[in-house]
Amino acid sequence: MSDKAKRIIRKYYEFLVTKFKILHEQKIFGYENVKVKYMLKEDDEADTLIIVFSACTRKGLKARYNYVKTLDGIPSNRLYILDDYAKDHRGSYYMGENFQFNEEKATDALIKKTIAALKPKKLIFCGSSKGGYAALNFGLQYCGAYMVIGAPQYYLTSYLKDSENFATLEHILGKADKQKEETLEYRLQNKIYNNEKCSSQHIYVHYSNQEHTYQEHAVHMLEDMKKCNYQITNDVASYTNHGDLSYYFPDFLRNTIEKIVESR
């Protein structure tokens, strides 16, 4: 059996396991008028909290939790947060409706509440594609945080237009105008440039230099991070389809997190 076939089988096995766990373990956190769906796996002996964000699904499929089975067995607390907002339930990049960022505030409140309760020594934010964008968006505010990401978007307005994900774009912007579009486009870039905590953080990035999001997003993000002296570890693959990220990122994610958890 080929490596790719094994990855496909593992992906669908993880999907079934996660569906079963949702029935028993999903909870809802309310903040103002927003409900955030999440699952929290606690380990009383662990000093690490891993926060996992969901990637974007194909058109017609609702958002789902990612990497639940991938991270099983790692001695850690794990907080999985679902982004199933917008009309089609594929998500809002955890941002919110009508440019109010209410879903971002609610997600941030859930993360802070979990950190306050568990008091972890290590924080790891992770995700791929949309989840990678979110891992950076939330992780950059924490001193000493680790971020383990796969092929994230960087210029969000352009990406949502190019991918024809208008439901998400309309949900975030509300009534669109050029100023809103430009603010959203460079929102993550501005956070990267204005982050005073960057010297204490470490970002692990997986991407393929053969798929379109590398030239359109990752290469610019990495250049900006380098200018700002972030600590970066790259993992470079060579697949051509962005969707194949889901077959290659899990191994990188688990191996990287294991090293972080074991490190002093």
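For the structure itself, look to the data block above.
Residues numbered from 1 in each chain as written. Predicted model: local features only at pLDDT ≥ 70, side-chain atom pairs only at ≥ 80, totals over all residues. Heavy atoms only, no water.

K.L.:
Help me out: how do you make sense of the nonpolar core in this one?
P.N.:
Where a protein is soluble and globular, its nonpolar side chains tend to be buried together. Counting residues in hydrophobic clusters, the biggest one holds 55 residues, and the most contacted among them are Ile51, Phe53, Ile81, Ile111, Phe125, Ile192 and Met221. Per-element accounting of this core gives the leading share, six residues, to helix α8 (residues 212-227). Here Ile51 is in contact with Leu79, Ile81, Ile111, Leu123, Ile124, Phe125 and Cys126, once residues within four sequence places are set aside. Tyr67, Ile124, Leu245 and Leu253 belong to the second largest nonpolar core, which has 26 residues in total. (Core = buried A, V, L, I, M, F, W, Y, C linked by side-chain atoms within 4.5 Å. Buried < 20%, exposed > 50% of the residue type's maximum accessible area, 1.4 Å probe, protein only. Helix = DSSP H or I, 4+ residues; strand = E, 2+ residues; numbered from the N terminus. Contact = heavy atoms within 4.5 Å.)

K.L.:
Explain the packing of aromatic side chains to me, please; I cannot follow it from the model alone.
P.N.:
Ring pairs (aromatic) are described by centroid distance and by the angle formed between their planes. All chains considered together, the criterion is met by twelve aromatic pairs. Where Tyr94 meets Phe138, the ring centres are 6.3 Å apart and the plane angle is 90°; that geometry is what we call edge-to-face. With Tyr94 in the loop between β4 (77-81) and α2 (102-118) and Phe138 in helix α3 (residues 130-139), the pair connects residues that are 44 residues apart, well separated along the chain. Looking at Tyr94, the relative accessible area reads 0%, which means it is buried. Measuring from centroid to centroid gives 5.0 Å for Phe99 and Phe101, while their planes differ by 55°, and the two rings are tilted. No difference in accessibility class separates Phe99 from Phe101, as the two residues are buried. (Phe/Tyr/Trp six-rings, centres within 6.5 Å; stacked < 30°, edge-to-face > 60°.)

K.L.:
What exactly am I supposed to notice about the pattern of salt bridges here?
P.N.:
Any two side chains of opposite charge can pair, on the condition that their charged atoms come close. A full pass over the atoms with the stated rule returns ten salt bridges. The closest approach of N and O atoms between Asp108 and Lys112, which form a salt bridge, is 2.8 Å. With Asp108 and Lys112 both in helix α2 and four residues apart, the pair spans about one turn of that helix. A salt bridge links Lys161 to Glu181; the nearest nitrogen and oxygen atoms lie 2.9 Å apart. Linking Lys161 in helix α4 (residues 156-162) with Glu181 in helix α6 (residues 178-185), this pair joins segments that are 20 residues apart in sequence. Overall, Lys161 belongs to the partly exposed group, its relative accessible area being 36%. A single network of salt bridges, built from pairs that share partners, joins Glu104, Arg187 and Lys191. (Salt bridge = Lys/Arg side-chain N within 4 Å of Asp/Glu carboxyl O.)

By themselves, these figures tell us nothing about what the structure is for.
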